Amino acid sequence: QVKNKTKSKAKNTASGITLIALVITIIVLLLSFVLSYFISNLISSPIVKMNNSAKKLAKGEFDVEFDIDSKISELNELSRTLNYTKDELSKTEELRRDLMANVSHDLKTPLTMIKAYAEMIQDISGDNPVKRNEHLDVILKEVDYLDHLVTDMSELAKMQSGNFEIKLTLFDIKEEIDEIMLLVQHLCDEKQISLSVDSPDSVLVSADRVKIKQVIYNFVSNAIKHSGEGAAVDIKVTDK
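Per chain, the residues get numbers from 1 upward, laid out in the order the sequence is written. Given that this is a predicted model, residues contribute local features only at a pLDDT of at least 70 and side-chain atom pairs are listed and counted only at 80 or more, while totals for whole chains, interfaces and linings are drawn from all residues. Based on all heavy atoms of the structure, the side-chain values leave hydrogens and waters out of the count.

Further remarks concern helix 4 (residues 173–191). Each turn of an α-helix holds 3.6 residues, which means side chains three or four residues apart point in the same direction. Numbering of helices and strands starts at the N terminus; helices are DSSP runs of H or I of at least 4 residues and strands are runs of E of at least 2. In this analysis, the expected span of each helix is defined as 1.5 Å times one less than the number of residues it contains. Between its first and last C-alpha, helix 4 extends 26 Å over 19 residues, near the 27 Å set by a 1.5 Å rise per residue. Largest kink in helix 4: about 45°, centred on Val184. Turning to helix 4, its buried residues are Ile173, Lys174, Glu176, Ile177, Ile180, Met181, Leu183, Val184, His186, Leu187 and Cys188. Pairing of N or O atoms within 3.5 Å defines a polar contact, subject to two protein rules: one partner must be a possible hydrogen donor and the other a possible acceptor, and residues neighboring in sequence count only if both atoms are side-chain atoms. Residue Asp172 occupies the N-cap position of helix 4, its side-chain oxygen lying 3.0 Å from the main-chain nitrogen of Lys174. Positioned one or two residues after helix 4, Gln192 has a phi angle of 55°, which is positive. Bending is quantified residue by residue as the angle between axes fitted to the seven-residue window ending at that residue and the seven-residue window starting at it. Each residue gets one of three labels from its accessible area relative to the maximum for its type: buried under 20%, exposed over 50%, partly exposed in between, using a 1.4 Å probe on protein chains only.

Printed below as a string of structure tokens:
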């Protein structure tokens, strides 16, 4: 009888331990599921946001921002990298738009000049060797200028890659200005604009000859284009 009671007690104890173990297992599993849910949500939520922002970026929307508020350092680092990529792409796109606008603007003046002087040769100076050669000289200079513009477009790639170089040389900028005056004289004649240059006989500068000439050319041609008939465009060169 004692043995039977002992066996019964042991059996009940074993059953109780089994039940406790089962309850603990269920609790651990539930906790694991809950913990897994929160961890997966912690990881997936910023990734989903990042993916949505990346899709907008792929469509050319550069105002997107990749959040850096995740509790996971690796995701924050990835967001920083994507933000940097977005900024660089935005700069490249802005540079491309500026290039297209500038090239369109810069091409218009020399093409207009080439057409005007070609018409002058056809209608006026064809039988006058001196005038004809002067007009042809202007056309050739404008063609050279167009060639420089095309070169500038190819140099844009170098600028973006950080390999762009300014070609510094020592030259007389007064000579370049005198040449520009000759190129734009026809525009002045059309609008009856007086063009004058106040400059020392020689002004030596250290600069990129082609690009400085392009800058001055744009300034002068814009001044002529945006001045009314009978106006005066005065250029002053000061050696400092």
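The next subject is the environment of Lys131. Mapping Lys131 onto the fold places it in helix 3 (residues 129–160). For Lys131 and Met120, which are 11 residues apart along the polypeptide, the C-alpha to C-alpha distance reads 9.5 Å.

Once that is clear, we can look at a nonpolar patch on the surface. A patch is a set of surface residues, each over 30% in relative accessible area and not in a salt bridge, joined within 9 Å for like charges and within 5 Å for the nonpolar side chains Val, Leu, Ile, Met, Phe, Trp and Tyr. Method for areas: the Shrake-Rupley scheme with a 1.4 Å probe, in which residue coverage is limited to the protein chains shown. A pair is scored as a salt bridge if a Lys or Arg side-chain nitrogen falls within 4 Å of a carboxyl oxygen belonging to Asp or Glu. A cluster of nonpolar side chains, namely Leu19, Leu22, Val23, Ile26, Ile27, Leu29, Leu30, Leu31 and Phe33, defines an oily patch on the protein surface of about 900 Å² accessible area. Along the chain, the position of Leu19 falls in helix 1 (residues 2–58). On the accessibility criterion, Leu19 (52% relative accessible area) is exposed.

We now examine the packing of helix 4 against helix 5 (residues 209–225). Where helix 4 contacts helix 5, the two axes come as close as 10 Å, and the packing angle between them is 25°. Relative to helix 5, helix 4 is oriented roughly parallel. The handedness of the crossing between helix 4 and helix 5 is right-handed. Residues Ile173, Glu175, Glu176, Ile177, Glu179, Ile180, Met181, Leu183, Val184, Leu187, Cys188 and Lys191 of helix 4 form the contact with helix 5, whose participating residues are Arg209, Ile212, Lys213, Ile216, Tyr217, Val220, Ile224 and Lys225. Throughout this entry, Asp, Glu, Lys and Arg are counted as charged residues, while Ala, Val, Leu, Ile, Met, Phe, Trp, Tyr, Cys and Pro are counted as nonpolar. The remaining residues, Gly among them, count as polar. Its residues placed into classes, the contact of helix 4 with helix 5 shows 13 nonpolar, no polar and seven charged. To obtain each axis, a line is fitted to C-alpha atoms, and for helices this fit is confined to the stretch in contact; angles are then taken between N-to-C directions over 0 to 180 degrees. Angles below 35 degrees are treated as roughly parallel, those above 145 as roughly antiparallel, those between 65 and 115 as roughly perpendicular, and all remaining angles as oblique. Working rule for handedness: look at the near helix, and if it is turned counterclockwise from the far one by less than a right angle, call the crossing left-handed; if clockwise, right-handed. Here, two residues are considered to be in contact whenever any of their heavy atoms come within 4.5 Å of each other.

Turning to the pattern of salt bridges, a few remarks are in order. Following the criterion strictly, the structure yields 11 salt bridges and no others. Ionic pairing is found between Lys213 and Glu176, a salt bridge with its closest N-O pair at 3.7 Å. Of this pair, Lys213 sits in helix 5 while Glu176 sits in helix 4, and the two are 37 residues apart along the sequence. Looking at Glu176, the relative accessible area reads 8%, which means it is buried. For Lys213, the salt bridge goes to Glu179, with nearest N and O atoms at 2.3 Å. In this pair, Lys213 sits in helix 5 while Glu179 sits in helix 4, placing the two residues 34 residues apart along the sequence.

Within the element layout of this structure, Lys174 appears in helix 4. Judged by its relative accessible area of 15%, Lys174 is buried. Those residues in contact with Lys174, other than ones at most four positions away along the chain, are Val197, Ser199, Pro200, Asp201 and Val203.

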